[in-house]
Amino acid sequence: MPDLTKTSAVVDRALLAALMAATAAAVVVFVVGVAVRVPYPHELEWMEGALADHAWRVADGLPLYCAPGPEHVPFLYAPLLFWLGGLGITLGIDGILALRLVALAATVGCTMLVGHWVRRETGHVAVGLAASGTFLAGYGWLAWWYDLARNDTLFVLLVLATAYVLRHGGPRRWLPAALLATAAVLAKQSALMWLPAIGVGALCHDWRNALRFGATAVLAIVGAFGVLHLASDGWSTFWLFELPRQHGIVGDRKLGFWTEDVVTMLPLLAIGLVGFVAQVRAGRPREALFLAAFGSGALVTSWLSRMHVGGFDNVLMYGFAGACVLGPIAAANGRGLRVVWIAQFVWLGVAAVQRGQATWLPSDAHRRAHDELATFVAKQAGPVWIPAHGHIGARAGKGTSAHGQAVFDLLQVLPKVDGIGMDLTVLHDPARMAQLPGRGGEAVRSLFTQASTALRERRFAAIVVDEVGGAGQFPYVFALGLIGDDRQMGTGDDTYVRAPGVLLSEPAAIRPLLGYDVHSPYALVPRR
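This write-up is about the structure you can find in this document. Numbering of residues begins from 1 in every chain and follows the order in which that chain's sequence is written. Given that the model is predicted, a residue must reach a pLDDT of at least 70 before its local features are reported, and side-chain atom pairs must reach 80 or more before they are shown or counted; all residues, however, enter totals for whole chains, interfaces and linings. For the side-chain quantities, the full set of heavy atoms in the structure was used; hydrogens and water were omitted.

### Some remarks on the packing of helix α12 (residues 266–281) against helix α13 (residues 285–307)
In step 1: Look at α12 against α13: their axes get within 8 Å of each other, and the N-to-C directions meet at 155 degrees. When the interaxial angle is binned, α12 and α13 end up roughly antiparallel. Handedness of the crossing formed by α12 with α13: left-handed. In this structure, α12 contributes Leu 269, Phe 276, Gln 279 and Val 280 to the contact, and α13 contributes Pro 285, Glu 287, Ala 288, Leu 289, Leu 291, Ala 292 and Leu 299.
In step 2: When its residues are assigned to classes, the contact of α12 with α13 shows nine nonpolar, one polar and one charged. Orientation is described by lines fitted to C-alpha atoms, with helices fitted over the stretch in contact, and by angles between N-to-C directions that extend from 0 to 180 degrees. The way it works is that DSSP assigns letters per residue, a run of H or I at least four long becomes a helix, a run of E at least two long becomes a strand, and they are numbered from the N terminus. If an angle is under 35 degrees, it is roughly parallel; if it is over 145, roughly antiparallel; if it lies from 65 to 115, roughly perpendicular; otherwise it is oblique. Each crossing is labelled by how the near helix is turned from the far one, with a counterclockwise turn of less than a right angle marking it left-handed and a clockwise turn marking it right-handed. By definition, residues are in contact when any of their heavy atoms lie within 4.5 Å. Note on residue classes: Ala, Val, Leu, Ile, Met, Phe, Trp, Tyr, Cys and Pro are nonpolar, Asp, Glu, Lys and Arg are charged, and everything else, Gly too, is polar.

### Considerations on helix α8 (residues 191–205)
In step 1: One less than the number of residues in a helix, times 1.5 Å, gives the span that helix is expected to have. With 15 residues, α8 extends 21 Å between its outermost C-alpha atoms, agreeing within 8% with the 21 Å of an ideal straight helix rising 1.5 Å per residue.
In step 2: On its buried face, α8 is in contact with α6 (152–168), α7 (174–187), α9 (207–231), α13 and α14 (316–331).

### Thoughts on the pairing of strand β6 (residues 519–526)
In step 1: With seven of eight residues buried, β6 is to be regarded as a mostly interior element.
In step 2: For two strands to be treated as a pair, DSSP must find at least two bridges joining them. Bridge count between strand β4 (residues 462–468) and β6: five bridges; the pairing is antiparallel. Each residue of the ladder has a partner; that of Val 465, found in β6, is Tyr 522.
In step 3: Examined bridge by bridge, strand β5 (residues 496–498) and β6 share three bridges and lie antiparallel to one another. By the bridge assignment for β6, Arg 498 is matched with Leu 524. The buried label goes to any residue with under 20% of its type's maximum accessible area, the exposed label to any with over 50%, and the partly exposed label to all in between, with areas taken from a 1.4 Å probe on protein chains only.

### Thoughts on the sheet that holds β5
In step 1: A sheet is described by the order of its strands in space; here four strands give the open sequence β1-β4-β6-β5, paired in mixed fashion. Strands at the two margins of the open sheet, each flanked by one partner only, are β1 (384–385) and β5.
In step 2: Relative to β4, β1 runs parallel, the two being bridged by two bridges. Paired with Trp 385 across the strands is Ile 463, a residue of β4.

### Here's the deal with the environment of Tyr 139
In step 1: With respect to the secondary-structure elements, Tyr 139 resides in the loop between α5 (125–137) and α6.
In step 2: Among the residues examined, Tyr 139 registers a relative accessible area of 1% and is labelled buried.
In step 3: Not counting the four nearest positions on each side in its chain, Tyr 139 is found in contact with Val 29, Phe 30, Gly 33, Val 34, Arg 37, Trp 144, Trp 145, Tyr 146, Asp 147 and Trp 360.
In step 4: A polar side-chain atom of Tyr 139 sits 3.3 Å from a polar atom in the side chain of Arg 37. We define a polar contact as two N or O atoms separated by no more than 3.5 Å, with the added condition that, inside protein, one atom must be a possible hydrogen donor and the other a possible acceptor, whereas residues neighbouring each other in sequence contribute only through side-chain atom pairs.

### Regarding the packing of aromatic side chains
In step 1: Ring pairs are drawn from Phe, Tyr and Trp, using the six-membered ring of Trp, whenever the two centres fall within 6.5 Å, and their geometry is named by plane angle: stacked under 30 degrees, edge-to-face over 60, tilted for the rest. Evaluation of the coordinates by the stated rule reveals 27 aromatic pairs.
In step 2: Ring centres of Trp 144 and Trp 360 lie 5.0 Å apart, and the angle between their planes is 15 degrees; this geometry places the pair in the stacked category. Pair noted here: Trp 144 is in the loop between α5 and α6 and Trp 360 is in the loop between α15 (335–355) and α16 (364–378), with a separation of 216 residues, a long-range link.
In step 3: Arranged with centres 4.8 Å apart and planes meeting at 90 degrees, the rings of Trp 385 and Phe 474 form a pair that is edge-to-face. Separated by 89 residues along the polypeptide, Trp 385 in strand β1 and Phe 474 in helix α21 (residues 474–477) bring together distant segments of the chain. Phe 474 matches Trp 385 in its accessibility class, with the two residues each being buried.
In step 4: What links up through ring pairs into an aromatic cluster is the set Phe 30, Phe 135, Tyr 139, Trp 141, Trp 144, Tyr 146, Phe 320 and Trp 360.
In step 5: Both a distance and an angle decide whether a charge sits over a ring: NZ of Lys or CZ of Arg must be within 6 Å of the ring centre and within 35 degrees of the ring normal. The ring of Trp 235 has Arg 439 sitting right over it, with the charged end atom 4.2 Å from the ring centre.

Below, the structure is given as structure tokens:
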């Protein structure tokens, strides 16, 4: 008769070995990607350079949140990433690299914290390592977002740390947790959707600690953004809270999030649900409710962010990070659940392969295209406006310029036309523009008044416009500054004309690996 105990031990060791092998593979893929991508000098995702321009303003002592103009239209992002990137720039680090290093450090922090949290809950070091590996295995599925110059991993790290401290901190854990929560909101406003769920979980776990945490966090967050509001004459509140409300909802993600977006992480979600039931049955309801609130808040934050216009695959990271804590905790002592966990690794690997190398590692043609555009910009005699390729102008000493995405975000305040969307004709009618209400109307008038004046006075030595992508609408959107007294485009008194020839030997090669598809740039130069 076979020795069932020995057989069981062999199976356990085999499953653990499989998890360790999968973890090692995830680490290798991540390290290879980081080694190539982090030091890469050009944009990988279409907004990286523009975010670096924001950090450059911090380093140069210029305001982030202010009335917009052609040199700067603020993004709708909280400032912590820009503050940290600006610090890196003052230390001599290139802007894009500085932001990527922040994102990379945050990713490593998330990876270590996930593993430590799981080890603390389960008592198994190997299970904690595999939990860390699971988070890294999401690198490809999440559009290689872990090392981009974006604020998502920083935000996730700070929210994870908030929840961990509330769960495992000392007797005064409410204070560091409140400070971490404040930092999380300063990293990304999405924290305001996740933190209340964590607070509910804390109430279930230790209501006295939760009340102290909630009161302190609210005071600290209100205080931090109150200072920003006063320091920016109210502009920070407009850009961070008022304008995002103007953005619409992607209707098909209301259900599509649950039927399509999260399908890849269903194994982890299923394991986590089993673990919740097991904890309740084992007489640990408080712990189970805390973890459930944390994980549910993460998932709902992903859902609400995905429905927001502009929500990309990166927002799935929030729910995935929560699942990387809950799933491994549940699978620690369940042989069948470990099999499902291994299947999760495989599924994430398949998703990474399907994402494709073209979105992961930049080509030689991509590098050449950016180098050629940078050479053209460096040769210009003055500032250059580049709506779709940020940080090239700042690097060449030509200043920063308003990015197309930031302009698009601002234009959401325009009246809407059924079946069409934004009524851009308002931009060509000063009387109608004057009627736009509130701070949004003031922002639109500020941008287009300043831009029209700068264009009519030919302050820009060149404007780089992409044939393909929304930035190609630049001549129409800013027509009032480009046309002459005859109010007609394409006539002899236009302030700018298209330069002959091509800027790039392979015009389409400059398209970003991720994000909005823009390419084939040409130059508008002042009419002589």
